Amino acid sequence: QVQLVESGGGLVQPGGSLRLSCAASRRIFSTNVMGWYRQVPGKQRELVARIASYGSTNYADSVKGRFTISTDNAKNTVYLQMNSLKPEDTAVYYCNVHLTISSLDYWGQGTQVTVSS
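So, a few notes on the structure that sits alongside this text. (Residues numbered from 1 in each chain as written. Predicted model: local features only at pLDDT ≥ 70, side-chain atom pairs only at ≥ 80, totals over all residues. Heavy atoms only, no water.)

**Observations concerning the overall build of the chain**
Filter applied, for reference: Strands here mean DSSP runs of E at least two residues long; helices mean DSSP runs of H or I at least four residues long; both are numbered from the N terminus. Only the C-alpha atoms count toward the radius of gyration. The rule for a globule is 2.2 Å times the residue count to the power 0.38. Here's how the labels work: a residue is buried when its accessible area is under 20% of the maximum for its type, exposed when over 50%, partly exposed in between, all with a 1.4 Å probe on protein chains only.
Across its full length, the chain carries zero helices and eleven strands. Starting at the N terminus and walking to the C terminus, you meet the elements of the chain as β-β-β-β-β-β-β-β-β-β-β. Against the 2.2 N^0.38 benchmark of 13 Å for 117 residues, the chain shows a C-alpha radius of gyration of 14 Å, consistent with a compact globule. By principal-axis analysis of the C-alpha atoms, the chain measures approximately 45 × 25 × 25 Å. Residues classed as buried in the chain amount to 38% of the 117 residues present.

The following block contains the structure:
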């Protein structure tokens, strides 16, 4: 199975920036989909950003233009650059790897992002 280790969360002021990292235990095929989700207490986990083959990406409307998902394939790592952060971005962020052939999902342990003045 795939193990995912997240890092980079923390406390920032509104308008600030953070970069989340997610390191996978093995190489991920380009046909797989990797993404970031977030969850707050009492709500469903929601998609933030995804990246698929050929670098194709999509984003939640609420973060489009502020967040950027990217990968470093040599390091088996996925990043989420978060700029112009808002208090509404406060959540636990989870890295996800979706194996398209087997339709299996693997999740990171979650990292807390808090945006507050």
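On we go.
**What to know about the nonpolar core**
Stated precisely, the cut-off is as follows: As used here, the term nonpolar core means buried Ala, Val, Leu, Ile, Met, Phe, Trp, Tyr and Cys residues forming a set that is joined through side-chain atoms within 4.5 Å. Throughout, a contact is declared for two residues whenever any of their heavy atoms are within 4.5 Å.
Judged by nonpolar contacts, the single largest core of 29 residues is most densely connected at Trp-36, Leu-80, Met-82 and Tyr-93. Taken together, the elements giving at least two residues each to this core come down to strand 3 (18–24), strand 4 (33–39), strand 5 (46–51), strand 7 (67–72), strand 8 (77–82), strand 9 (91–99) and strand 11 (111–115). In terms of residues, this core owes the most to one element, strand 9, which gives five residues. The residues touching Tyr-93, leaving out its near neighbours within four places in the chain, are Glu-6, Leu-20, Trp-36, Tyr-37, Arg-38, Val-48, Phe-67, Leu-80, Met-82, Gly-110, Thr-111 and Val-113.

**Brief notes about the side chain of Thr-77**
Just so we agree on the cut-off: Pairs of N or O atoms are called polar contacts if they sit within 3.5 Å, as long as, within protein, a hydrogen donor faces a hydrogen acceptor (for residues adjacent in sequence, only side-chain-to-side-chain pairs).
When you line up the elements, Thr-77 lands in strand 8. Looking at Thr-77, the relative accessible area reads 8%, which means it is buried. At 2.9 Å, the side chain of Thr-77 forms a polar contact with the backbone oxygen of Lys-75. Each residue touching Thr-77, except ones within four places of it in the same chain, is listed here: Ser-21, Cys-22, Ala-23, Ser-70, Thr-71 and Asp-72.

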